Amino acid sequence: MLYQVLIVLYLINAIVLVGFILIQQGKGADMGASFGSGSSATIFGSSGSANFMSRTTSFLATMFFLLSLVLGNLTTQRTQQTEEWNNLGTPATQGVESPATDVPAGNDKSESDVPN
């Protein structure tokens, strides 16, 4: 149960982290805004968004790496349940009939379809 919860948190964290990275401005965006080509009035102010976005991104990245380490540790200690069809060395035991029961046992040449 804990493993599935951590996987869901890991997936949500990864999606939010990618979203925060994509909505951030590049380093050269401030230079264009100072000459009037971009809008410098944002929701968080001119420099407030950089602090909020960079702190949130660093927190999400830290959580991503910590969840990766925890999930990796849980995966290595987890025993994998083997399925019967993966083990080809053992014969199947349930409801398998031998196909040789339908084949005639005699060596009758009159019923043979193969020419000699």
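Residues numbered from 1 in each chain as written. Predicted model: local features only at pLDDT ≥ 70, side-chain atom pairs only at ≥ 80, totals over all residues. Heavy atoms only, no water.

Each helix and strand in the protein was counted, giving three helices and zero strands. Traced from its N-terminal end to its C-terminal end, the protein shows the element sequence α-α-α. Counting every position in the protein, which comprises 116 residues, the buried fraction comes to 9%. Contacts in the protein between residues far apart in sequence, at least 24 positions, make up 88% of those at least 6 positions apart. Accessible surface computed for the protein: about 10300 Å², of which carbon and sulfur atoms make up 62%. (Helix = DSSP H or I, 4+ residues; strand = E, 2+ residues; numbered from the N terminus. Buried < 20%, exposed > 50% of the residue type's maximum accessible area, 1.4 Å probe, protein only. Contact = heavy atoms within 4.5 Å. Areas by Shrake-Rupley, 256 points an atom, 1.4 Å probe, with all protein chains shown as cover.)

Below, the discussion takes up the confidence of the model for the protein. Looking at the protein, pLDDT values average 75 and 48% of them are 70 or higher. The lowest-confidence element of the protein is helix 2 (residues 29-34), averaging 58 in pLDDT; the highest-confidence one is helix 1 (residues 2-23), averaging 95. (pLDDT = per-residue confidence, 0-100.)

Here we come to a nonpolar patch on the surface. A contiguous nonpolar surface patch, about 410 Å² in accessible area, is contributed by Phe-59, Met-63, Leu-66 and Leu-69. Relative to the elements of secondary structure, Leu-66 occurs in helix 3 (residues 48-77). Of the residues examined, Leu-66 reaches a relative accessible area of 46% and is grouped as partly exposed. (Patch = residues over 30% accessible without salt bridge, like charges linked within 9 Å, V, L, I, M, F, W, Y side chains within 5 Å. Salt bridge = Lys/Arg side-chain N within 4 Å of Asp/Glu carboxyl O.)

Inspection of the secondary structure assignment puts Val-16 in helix 1. As for Val-16 and Leu-60, which are separated by 44 residues in sequence, their C-alpha atoms are 7.9 Å apart.

Okay, the side chain of Thr-56 next. Tracing the backbone shows Thr-56 in helix 3. There is a polar contact of 2.7 Å between the side chain of Thr-56 and the backbone oxygen of Phe-52. (Polar contact = N/O pair within 3.5 Å; in protein donor to acceptor, adjacent residues only side chain to side chain.)

Quick look at the packing of aromatic side chains now. The way to describe two aromatic rings as a pair is by their centre distance and the angle between their planes. Tallied over the entire structure, the rule returns two aromatic pairs. Residues Tyr-10 and Phe-64 carry aromatic rings whose centres are separated by 4.9 Å and whose planes lie at 15 degrees to one another, so their mutual orientation is stacked. One end of the pair, Tyr-10, is in helix 1; the other, Phe-64, is in helix 3, with 54 residues separating them in the sequence. Overall, Phe-64 belongs to the partly exposed group, its relative accessible area being 22%. (Phe/Tyr/Trp six-rings, centres within 6.5 Å; stacked < 30°, edge-to-face > 60°.)

Here Thr-76 is to be found in helix 3. A distance of 2.9 Å separates a polar side-chain atom of Thr-76 from the backbone oxygen of Asn-73.

With that settled, the discussion passes to the side chain of Thr-57. Tracing the backbone shows Thr-57 in helix 3. For Thr-57, a relative accessible area of 14% corresponds to the buried category. Discounting residues that sit within four places of it in the chain, Thr-57 has contacts with Leu-17, Phe-20, Ile-21 and Gln-24.

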